[in-house]
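Architecture at a glance
Here is how the chains run, residue by residue.
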Amino acid sequence: MSTVVFVHGTGVREPDFSALAGRFAAELTSLRPGLRIVPYYWGAEHGATLAAGGASLPPPPGGTARDIGEGDETAAWAALYRNPDTELALAAATLKERAERPPYAALPEQALQDRLTAAAHDAEAGALLPGLAAALSRLAGHPLLPAAADALDPDDLALLAARAAVARAVAGLLDADAPLVPDGDQRDAAVARLAEQLGAAAEGAERGLRSGLLSLVGNAASRAVVRRRRALTEAAHPAAGDVLRYLSRGAGFRDGLRTLIAGLEPPVTVVAHSLGGIIALDTLIETPLPQVALLVTAGSQGPFLYESGALPSLAHPEPLPPHMPDWLNLYDPRDLLGYLGAGLFPGRVTDIAVDSRQPFPAAHSAYWTNPATYRHIAERLT
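Residues numbered from 1 in each chain as written. Predicted model: local features only at pLDDT ≥ 70, side-chain atom pairs only at ≥ 80, totals over all residues. Heavy atoms only, no water.

Comments concerning the packing of helix α9 (residues 154-175) against helix α10 (residues 184-197)
Relative to each other, α9 and α10 sit at 135°, their axes nearing to 8 Å. By the criterion of interaxial angle, the relationship of α9 to α10 is oblique. In this structure, α9 crosses over α10, and the sense of that crossing is right-handed. Of the residues in α10, those in contact with A158, L159, A162, R163, A165 and V166 of α9 are R187, A190, V191, L194 and A195. (Axes fitted to C-alpha atoms, helices over the stretch in contact; angles between N-to-C directions. Helix = DSSP H or I, 4+ residues; strand = E, 2+ residues; numbered from the N terminus. Parallel < 35°, antiparallel > 145°, perpendicular 65-115°, else oblique. Left-handed = near helix turned anticlockwise from the far one by under 90°. Contact = heavy atoms within 4.5 Å.)

Here we look at the sheet that holds strand β3 (residues 268-273)
The six strands are arranged β2-β1-β3-β4-β5-β6 in an open sheet whose pairing can be described as parallel. Every other strand in the sheet has two partners, leaving β2 (36-40) and β6 (349-353) as the edge strands with one partner each. Neighbour-to-neighbour, the strand axes of this sheet turn through a mean angle of 20°, independent of strand direction. Where strand β4 (residues 292-298) and strand β5 (residues 326-331) come together, five bridges link them in parallel fashion. The residue of β5 that forms the bridge with V296 is L328. Running at roughly 140° to β3, helix α15 (residues 275-286) makes contact with β1 (3-7), β3, β4 and β5 of the sheet. In this fold helix α18 (residues 371-380) packs onto β3, β4, β5 and β6, with an angle of close to 170° to the strand it touches most, β5. (Pairing = 2+ DSSP bridges.)

Digging into unusual backbone geometry
That bond from P266 to P267 is cis: its omega, 0°, falls within 30 degrees of zero. Within the secondary structure, P267 sits in the loop between α14 (251-262) and β3. In this chain, H316 is followed by P317 through a cis amide linkage whose omega measures 10°. As for its position among the elements, P317 is in the loop between α16 (302-308) and β5. Unusually for a residue other than glycine, D177 sits at a positive phi of about 55°. Inspection of the secondary structure puts D177 in the loop between α9 and α10. For R357, which is not glycine, the phi dihedral falls at a positive 60°. Relative to the elements of secondary structure, R357 occurs in the loop between β6 and α17 (362-365).

Below, the structure is given as structure tokens:
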């Protein structure tokens, strides 16, 4: 029986780790039944903590991040993650004044409000996306909804509301540093399904961001970028702390993984995300582990650290040792924390792009909801 060891990335703690490992196991075994999945949860024992309760943290800065160009639909979603009410506000702003109605006439927003409330209480909302029910409830009472309802036809209004609710739910996942963020296809499917529930025609529910309203926004940056940038520079965020702790005291991380692998029957594949990829790479470089037939990294900074002279186990331009297993390196073109290895280690690394259609930083967490990730892993398993 083949065994797959799953190594998580920075900032992951319980209960998120169990959800992440469970999703990984379910997706991979659906393609390759019979696999044994063994998680390596290094965050519990070795993950960074603020021992003094955050006494080292300065107050938040007053500025904002500069805009980051994403292009096309991805930039529009980045704007919505930053402010999920953007499209609603722009629609409302196009209305110069509300038309007079006969007494007791139904308000144009009432039907949508009723559907939003019903959808918020429907179990399907939680199944589509975590946090979606709360987003729908908040949207039902939004003060800009009446003006937007007067400005748009019902199909466009329903689609706008669906995007706003989904964007708010995804923004909540990003703010919580959830390890499972939907990829672009799953996000769009949630929008389409929700738009139909809110009254859009089926063909209207499948439209992308083509309304033109977001053309005014341009290349807006995600608010999550601001928080993560501050974290990386000030070491205030658990993810940044994990990196710094590993680079200064990484032996325990590697010892734990080495001990785990040594007790497994071959063939073993190690699949590792982000910092987990660095831990796995260093471990396999330092110690021959013949059980391991394949290393898979996703969103890994290992190649960058090697080229920068910061990889603990190997100094540039030293080659990978002969005992290193095959290495499959998956990266998302929009993941600013994913790097390439083939140019540094010719013939030893295979780089493959997997596009989640999400802007950064969502792209760094969307590998494990992207079906392409699992397909490429399954194809290489022995």
